[in-house]
2 protein chains.
Amino acid sequence: MKGAVLDEAMNVLAETSRPTARHLGPDAVVKSVLTALEELAAHPRARTATAAGLVVPGMVDAQTGTAVFSENLGWADVPFTELAVARTGLPVAFGHDVRVAALAESRLGAARDRHDVVFLAIGTGIGAALIVDGNLLEAGGYAGEIGHVRVAGSEPCACGGQGCLETVASAAAIARRYGERSGRATDGAAEVLARARSGDAVARQVWHEAVEYLATALAIGSSLVGPELVVVGGGLSLAGDDLLVPLARRLDELLTLQRLPSLAAAALGDRAACLGAGLLAWELA
Amino acid sequence: MKGAVLDEAMNVLAETSRPTARHLGPDAVVKSVLTALEELAAHPRARTATAAGLVVPGMVDAQTGTAVFSENLGWADVPFTELAVARTGLPVAFGHDVRVAALAESRLGAARDRHDVVFLAIGTGIGAALIVDGNLLEAGGYAGEIGHVRVAGSEPCACGGQGCLETVASAAAIARRYGERSGRATDGAAEVLARARSGDAVARQVWHEAVEYLATALAIGSSLVGPELVVVGGGLSLAGDDLLVPLARRLDELLTLQRLPSLAAAALGDRAACLGAGLLAWELA
């Protein structure tokens, strides 16, 4: 988890980063989120702070300030706004990590001055945030679940569904699929890509399939919400042109009457969600 | 095409309806649209009219008042607002038939007081209008092309794509697919449904497949924009429970962490787009 003290120009005055100890269970994670926030609020450079922003993954109800559900972190119905207000004494803005990362990219990063944007975050899972007509879609926290669009037949997904994009094209899925087929362990998707670059046929095939599934899902997204730009974020975006070039080519082949979006890597990297939380906080301040 | 003179309470003071003579080509259709509008504006009950609304199918740029493209009607870049203002002397609001039908359903029909709605229009083609967080999505006219989401393998579509929902689940597709498999002509999807009801195995199979494809597309829509309600309009919605009941059941099976929407038939029937045009006009008046 990451945190920062930000001035109104989004300059980072202080920063913190610590592992999310998810093996300790959801209560421990909630506790450590609140402790991290409290420590930041008590930082000397935060003495004049007038608001805090807090964002988490999973299903988020920004209006009620509740983390409704996270499969990865195991929590349900955590009243984060209430808890964070009690711990910091500050007004707290609460939101969804991917949606606020998209907000940050649209205000400060790769999607500035764009009105119709899909922000695709590819990491352990796959999520999206959709900006249409300049508005970031919420739908009560349900918008943007592109990771659970069915693109891959009957492959079972942890969500209970089948063939979900996330099960075949996330960074975690790429590493897992390579391991299953090659019998060789890897450090993750970056290593699979490195092997693909040096000619490993299994790695190339797994990478190629991931790109194909991502293109299928983005074609669907283009049909429904008509983005002019797709910003790819999350760990897999570090692959750069190895991801973006074949993805753009395939999307161009798949789309007909839909608007063909341009593709760009996220500009704010792994700080996007943290900066987005800061933007939310400054709206309250 | 349909037109009406509407008072501010959306009461119909006068009405007109005429066939769209698309075999005469796009210029003739544009001309007859404008003639119909001019006649309505000259109607005695329209004497105090202060604005007109005009909506068309296809790709529509509401902001510039242009019908960008229609595959069905064959037109491209028709400056309808300009033409209609010249013909009527009234300020003219211009929009997209499916999107304004959704607007009418949300103000006056099946989607009142709902903030997150997919309006699915199934007729000769398939289109959707998406309402998220209470806003009707435009995306420069590109939003809602659910008819061109790929759900059916390699079946060729008129758009140049493959497996588009529209090619296998529109009313026209249902009639065509039944004809191809049974060798028997029909009047349309309503007759296919009637035959399915009376035990025709081919008709039952074609209907079942259409429902399956529609459920697949709605599951995708639910993942991306999280509707609380799906309103089914267009000619096929007249099938009522024969369509809605199996569709709802299948959707319930397909969705996992997504919001499960309720399903309803359009309340305004084939007047929805006309009433929606009236709503647009009253916003200008």
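All of these numbers come straight from a predicted model, not from anything done at the bench.

Thoughts on the pattern of salt bridges
Throughout the structure, instances matching the rule amount to 32 salt bridges over all chains. The residue Glu191(B) makes a salt bridge to Arg195(B) at a minimum N-O spacing of 2.5 Å. Taken together, the residues span about one helical turn, with Glu191(B) and Arg195(B) both in helix 6 (residues 189–197) at a distance of four residues. One salt-bridge network, held together by shared partners, links Glu155(A), Arg176(A), Arg177(A), Glu180(A), Arg181(A) and Glu209(A).

Some thoughts on the interface of chain B and chain A
The accessible area lost on association of the parts is a frequent measure of interface size. Residue-level contacts link 35 residues of chain B with 35 residues of chain A. Both sides together, the interface formed by chain B and chain A hides about 2700 Å², and carbon and sulfur atoms give 68% of it. The largest per-residue losses of area from chain B upon contact with chain A belong to Tyr142(B), Leu224(B) and Leu257(B), which jointly make up 26% of the total buried on that side. Summed over the shared surface of chain B and chain A, the number is 13 residue pairs in polar contact (both at pLDDT 80 or more). Every element with two or more residues in the side of chain B that touches chain A is listed here: strand 9 (126–132), strand 10 (135–136) and helix 7 (201–225) of chain B. The greatest single-element share of the side of chain B that touches chain A, amounting to six residues, is contributed by helix 7 of chain B. In the side of chain B that touches chain A, the residues fall into 16 nonpolar, twelve polar and seven charged.

Remarks on the sheet that holds strand 9 of chain B
Residues and elements named next belong to chain B. Taken together, the five strands give an open sheet; going across it, the order is 10-9-8-11-12, and neighbouring strands pair in mixed fashion. The sheet terminates laterally at strand 10 and strand 12 (262–265), the two strands that pair on one side only. Sheet contacts for helix 3 (residues 97–108): strand 8 (117–122), strand 9, strand 10 and strand 11 (229–233); angle to strand 9, the most-contacted strand, approximately 50 degrees.

Focus: the relation of the copies chain B and chain A
Mapping chain B onto chain A leaves a residual RMSD of 0.0 Å; the transformation is a rotation of 180 degrees accompanied by 0.0 Å of translation along its axis. Taken together, these values place the two copies in the relation of a two-fold axis. Taken together, the interface assignments show that 100% of the residues at the interface of chain B recur at the interface of chain A, consistent with an identical surface on both copies.

Topic: the domain arrangement of chain A
Residue and element names in this part refer to chain A. Examined at the domain level, chain A breaks down into domain 1 (2–100 + 271–284) and domain 2 (114–266). For domain 1 and domain 2, the distance between their C-alpha centroids amounts to 27 Å. Each side of the interface is counted separately: domain 1 has six residues, and domain 2 has 15 residues. Together domain 1 and domain 2 conceal approximately 950 Å² of surface at their shared face, both sides included; 57% is due to carbon and sulfur atoms. At the boundary of domain 1 and domain 2, one finds one salt bridge. Linking domain 1 to domain 2 there are two residue pairs in polar contact (both at pLDDT 80 or more). Mapped onto the side of domain 1 that touches domain 2, the elements with two or more residues apiece are strand 4 (59–61) and helix 3 (97–108). When the residues that make up the side of domain 1 that touches domain 2 are grouped by side-chain class, the tally is four nonpolar, no polar and two charged.

What to know about the nonpolar core
Formed by 95 residues in total, the largest nonpolar core has its most connected members in Leu243(A) and Leu243(B). Among the elements that line this core, the one with the most residues is helix 7 of chain B, at 14 residues. If sequence neighbours within four positions are ignored, Leu243(A) has contacts with Ile122(A), Trp207(A), Val211(A), Leu214(A), Val232(A), Leu236(A) and Ser237(A). Within the second largest apolar cluster, 28 residues are counted, among which are Leu6(B), Val100(B), Leu268(B) and Leu275(B).

Observations regarding helix 2 (residues 80–88) of chain B
Since the α-helix turns once every 3.6 residues, residues separated by three or four places project in the same direction. Residues and elements named next belong to chain B. Burial in helix 2 covers these residues: Phe80, Thr81, Ala84 and Thr88. What you see down the axis of helix 2 is that its buried residues fit within an arc of 95 degrees, all on one side. Away from its buried face by more than 90 degrees, helix 2 exposes Glu82 and Ala86. Among the structural elements, helix 1 (26–41), strand 3 (52–56), strand 5 (66–69), strand 6 (76–78) and strand 7 (92–96) are those in contact with the buried residues of helix 2. Just past helix 2, the residue Gly89 takes up positive phi, approximately 70 degrees.

Digging into the environment of Gly144(B)
For Gly144(B), the location among the structural elements is in the loop between strand 10 and helix 4 (165–169). Residue Gly144(B) is classed as buried on the basis of its relative accessible area, which comes to 3%. When near neighbours in sequence (up to four residues on either side) are disregarded, Gly144(B) contacts Ser223(A), Leu224(A), Gly127(B), Ala128(B) and Leu130(B).

Regarding the sheet that holds strand 12 (residues 262–265) of chain A
Strand-to-strand pairing in sheets goes through backbone hydrogen bonds, with the strands running parallel or antiparallel. All names here are of chain A. Strand order across the open sheet formed by five strands is 10-9-8-11-12, with mixed pairing between neighbours. Each edge of the open sheet carries a strand with a single partner, namely strand 10 (135–136) and strand 12. Strand direction decides the pairing type here: strand 11 (residues 229–233) and strand 12, joined by four bridges, are parallel. In the strand pairing of strand 12, Leu229 is matched with Ser262. Across the sheet, helix 3 is in contact with strand 8 (117–122), strand 9 (126–132), strand 10 and strand 11; its angle to strand 9 comes to roughly 50 degrees.

Parameters at a glance
- Think of each chain on its own: its residues are numbered from 1, step by step along the sequence as written.
- Chains and ligands are labelled sequentially in the order written, the chains with letters from A and the ligands with numbers from 1.
- For this predicted model, a pLDDT threshold of at least 70 governs which residues receive local features, and a threshold of 80 or more governs which side-chain atom pairs are given and counted, while totals over whole chains, interfaces and linings are taken from all residues.
- Hydrogens and water molecules were not included; the side-chain quantities draw on all heavy atoms of the structure.
- Salt-bridge detection follows one rule: a side-chain nitrogen of Lys or Arg within 4 Å of a carboxyl oxygen of Asp or Glu.
- Numbered from the N terminus, helices here are DSSP runs of H or I no shorter than four residues, and strands are runs of E no shorter than two.
- A contact between two residues is defined here by any heavy atoms of the two lying within 4.5 Å.
- When two parts are brought into contact, each loses some accessible area as probed by a 1.4 Å sphere; the total of that loss over both is the buried area.
- Here a polar contact is taken to be a pair of N or O atoms separated by no more than 3.5 Å, where protein atoms must pair a possible hydrogen donor with a possible acceptor and residues adjacent in sequence count only if both atoms sit in side chains.
- Here the nonpolar group is Ala, Val, Leu, Ile, Met, Phe, Trp, Tyr, Cys and Pro; Asp, Glu, Lys and Arg are the charged ones; every other residue, Gly included, is treated as polar.
- When DSSP finds two or more bridges between two strands, those strands count as paired.
- In this analysis, axes come from line fits to C-alpha atoms, helices being fitted only over the stretch in contact, and the angle between any two N-to-C directions falls in the range 0 to 180 degrees.
- We superpose the copies by least squares over the C-alpha atoms of residues that have a pLDDT of at least 70 in both of them.
- Domain delimitation in this document rests on an assignment produced automatically or drawn from a domain database.
- Take the buried Ala, Val, Leu, Ile, Met, Phe, Trp, Tyr and Cys residues and link them wherever side-chain atoms come within 4.5 Å; each set so joined is a nonpolar core.
- Exposure categories follow from relative accessible area, calculated using a 1.4 Å probe and restricted to protein chains: below 20% of the type maximum is buried, above 50% is exposed, and the middle band is partly exposed.
- What the arc covers is the set of directions going from the helix axis to the C-beta atoms.

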